[in-house]
Amino acid sequence: MTNDEWARIRKDNHKEVERRRRGNINEGINELGRIVPNGSGEKAKGAILSRAVQYIHHLKENEARNIEKWTLEKLLMDQAMGDLQAQLEEMRRLWEEER
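Residues numbered from 1 in each chain as written. Predicted model: local features only at pLDDT ≥ 70, side-chain atom pairs only at ≥ 80, totals over all residues. Heavy atoms only, no water.

Quick look at the overall build of the chain
Thought 1: The secondary structure content of the chain amounts to two helices and zero strands.
Thought 2: Its C-alpha radius of gyration of 31 Å places the chain more than 25% over the 13 Å reference for a compact globule of 99 residues.
Thought 3: When the backbone C-alpha atoms are referred to their principal axes, the chain occupies close to 105 × 40 × 15 Å.
Thought 4: Within the chain, buried positions represent 5% of all 99 residues.
Thought 5: As presented, the chain carries roughly 8,900 Å² of accessible surface, and 56% of it is formed by carbon and sulfur atoms. (Helix = DSSP H or I, 4+ residues; strand = E, 2+ residues; numbered from the N terminus. Rg over C-alpha atoms; globule rule 2.2 N^0.38 Å. Buried < 20%, exposed > 50% of the residue type's maximum accessible area, 1.4 Å probe, protein only. Areas by Shrake-Rupley, 256 points an atom, 1.4 Å probe, with all protein chains shown as cover.)

Right under this line is the structure:
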């Protein structure tokens, strides 16, 4: 095999690797375009990626709000459980006194 043949094989292999890489990137961008809401059939890769970034930020903000809300709800539930537990213990004490 000559140097020219070897260089041609390497170049062809590189082209194929690059073609697969671009294909994988395009598949990923197209998948984002399908799953990210508010897509008006936009095909521009930059627009799809921008919309995906905005949506991820939106999801993170919602997650933070939900965590804060659930934490507050849990605190309130724990407090209510404590109050009910105290009432139950008081009722048991009174019941035992009457026996």
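Focus: helix H2 (residues 45-98)
Thought 1: The end-to-end C-alpha separation of H2 is 78 Å, in line with the 80 Å expected for 54 residues at 1.5 Å each.
Thought 2: Every buried residue of H2 is listed here: Ile 48, Arg 51 and Ala 52.
Thought 3: The inward-facing, buried residues of H2 abut helix H1 (3-35). (Expected span 1.5 Å × (residues − 1). Contact = heavy atoms within 4.5 Å.)

What about the environment of Glu 68?
Thought 1: Looking at the element boundaries, Glu 68 is found in helix H2.
Thought 2: Taking the C-alpha atoms as reference points, Glu 68 and Leu 88, 20 residues apart in sequence, are found 30 Å from one another.

What to know about the environment of Ile 48
Thought 1: On the secondary structure map, Ile 48 appears in helix H2.
Thought 2: Separated by 19 residues in the primary sequence, Ile 48 and Ile 29 have C-alpha atoms spaced 6.9 Å apart.
Thought 3: Setting aside residues up to four positions removed in sequence, Ile 48 forms contacts with Ile 29, Leu 32, Gly 33, Glu 42 and Lys 43.

Thoughts on the pattern of salt bridges
Two side chains with opposite charge may pair up if their charged atoms get near one another.
Thought 1: One pass over the structure, following the stated rule, counts ten salt bridges.
Thought 2: Glu 18 is paired through a salt bridge with Arg 21; the nearest N and O atoms lie 2.5 Å apart. One end of the pair, Glu 18, and the other, Arg 21, are both in helix H1, three residues apart, so they sit about a helical turn from each other.
Thought 3: With relative accessibility at 22%, the residue Glu 18 sits in the partly exposed group. (Salt bridge = Lys/Arg side-chain N within 4 Å of Asp/Glu carboxyl O.)

Concerning the packing of H1 against H2
Thought 1: Following both chains from N to C, one finds H1 and H2 inclined at 55°, their axes separated by 9 Å at the closest point. Here H1 is positioned oblique relative to H2, judged by the angle of their axes. In the packing of H1 onto H2, the handedness of the crossing is left-handed. Counting all contacts with H1, which are made through Asn 26, Ile 29, Leu 32 and Gly 33, the residues of H2 involved are Lys 45, Ile 48, Leu 49, Arg 51 and Ala 52.
Thought 2: Grouping the constituent residues of the contact of H1 with H2 by class yields five nonpolar, two polar and two charged. (Axes fitted to C-alpha atoms, helices over the stretch in contact; angles between N-to-C directions. Parallel < 35°, antiparallel > 145°, perpendicular 65-115°, else oblique. Left-handed = near helix turned anticlockwise from the far one by under 90°. Nonpolar A, V, L, I, M, F, W, Y, C, P; charged D, E, K, R; others polar.)

Section: a nonpolar patch on the surface
Thought 1: A grouping of Met 1, Trp 6 and Ile 9 is seen on the molecular surface, where their side chains present a nonpolar patch of about 360 Å² in accessible area.
Thought 2: As for its placement among the helices and strands, Met 1 is situated in the segment before H1. (Patch = residues over 30% accessible without salt bridge, like charges linked within 9 Å, V, L, I, M, F, W, Y side chains within 5 Å.)

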